[in-house]
Amino acid sequence: MGETKIQLHARLASVETQRAIGRSLRGLRTDAGLSIAAVAREVGIDRSFLSRIERGNRAASVAVLTGIATVLGAELSVKAYPNTGP
């Protein structure tokens, strides 16, 4: 059985959100002048995992994203916005 319209919409939205988070974190990291290795070490994750997060190729837990944001001097915020649906 294939994906429903809702499942497809959710999966595609998730991928785009993952990419947007990665772009944001990479921007913060480069603005701070920090290497992937330095941030990953502080957070306690592998540098290749952080690299994949920044490229939008891997999802990370809220705890990991919060750790990365904290190292970068940022705050993680998540908000759901009402809309008319898919």
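About the cut-offs
- Residues numbered from 1 in each chain as written.
- Predicted model: local features only at pLDDT ≥ 70, side-chain atom pairs only at ≥ 80, totals over all residues.
- Heavy atoms only, no water.
- Helix = DSSP H or I, 4+ residues; strand = E, 2+ residues; numbered from the N terminus.
- Contact = heavy atoms within 4.5 Å.
- 1 Å grid on protein atoms, 1.4 Å probe; cavity = no way out; pocket = protein on both sides within 12 Å on 5 of 7 lines; lining within 4 Å.
- Points joined across faces, edges and corners; volume = space filled by probe spheres on them.
- Nonpolar A, V, L, I, M, F, W, Y, C, P; charged D, E, K, R; others polar.
- Core = buried A, V, L, I, M, F, W, Y, C linked by side-chain atoms within 4.5 Å.
- Buried < 20%, exposed > 50% of the residue type's maximum accessible area, 1.4 Å probe, protein only.
- Axes fitted to C-alpha atoms, helices over the stretch in contact; angles between N-to-C directions.

Trainee: Explain the side chain of Arg29 to me, please; I cannot follow it from the model alone.
Mentor: Within the fold, Arg29 resides in helix H1 (residues 5-32). Apart from residues no more than four positions distant in its own chain, Arg29 is found in contact with Leu34, Ser35, Ile36, Val39, Glu54 and Leu72.

Trainee: Quick question: what am I supposed to make of the layout of surface pockets here?
Mentor: If you roll a probe as big as a water molecule over the atoms, it shows you where there is empty space left. Size it by volume and the largest pocket reaches roughly 330 Å³. Around the largest pocket, the lining comprises 15 residues; the ones closest to its centre are Ile21, Ser24, Leu76, Ser77 and Val78. When residues of the lining of the largest pocket are traced back to their parent elements, those giving at least two are H1 and helix H4 (62-71). Looking at the lining of the largest pocket element by element, the count peaks at 6 residues for H1. Split by residue class, the lining of the largest pocket holds 10 nonpolar, 3 polar and 2 charged.

Trainee: What is the right way to look at the nonpolar core in this model?
Mentor: General note: in soluble globular proteins, nonpolar side chains tend to be found buried as a group. Judged by nonpolar contacts, Leu25, Ile36, Val39, Ala40, Ile45, Phe49, Leu50, Ile53, Val64, Leu65, Ile68 and Leu72 together constitute the single largest core of 12 residues. For this core, the secondary structure elements donating two or more residues are helix H2 (36-43), helix H3 (47-55) and H4. Not counting chain neighbours up to four residues away, the residues in contact with Ile68 comprise Leu25, Val39, Val43, Ile45, Leu50 and Ile53.

Trainee: Just checking my understanding: could you explain the packing of H1 against H3 for this structure?
Mentor: To describe two helices that pack against each other, one gives the angle between their axes and the distance between the axes. It is the contact of H1 with H3, at a shortest axis distance of 6 Å, that shows an interaxial angle of 115°. For the pair H1 and H3, the contacting residues are Gln18, Gly22, Arg23, Leu25, Arg26 and Arg29 in the first and Ser51, Ile53, Glu54 and Arg55 in the second. Partitioning the contact of H1 with H3 into residue classes produces 2 nonpolar, 3 polar and 5 charged.

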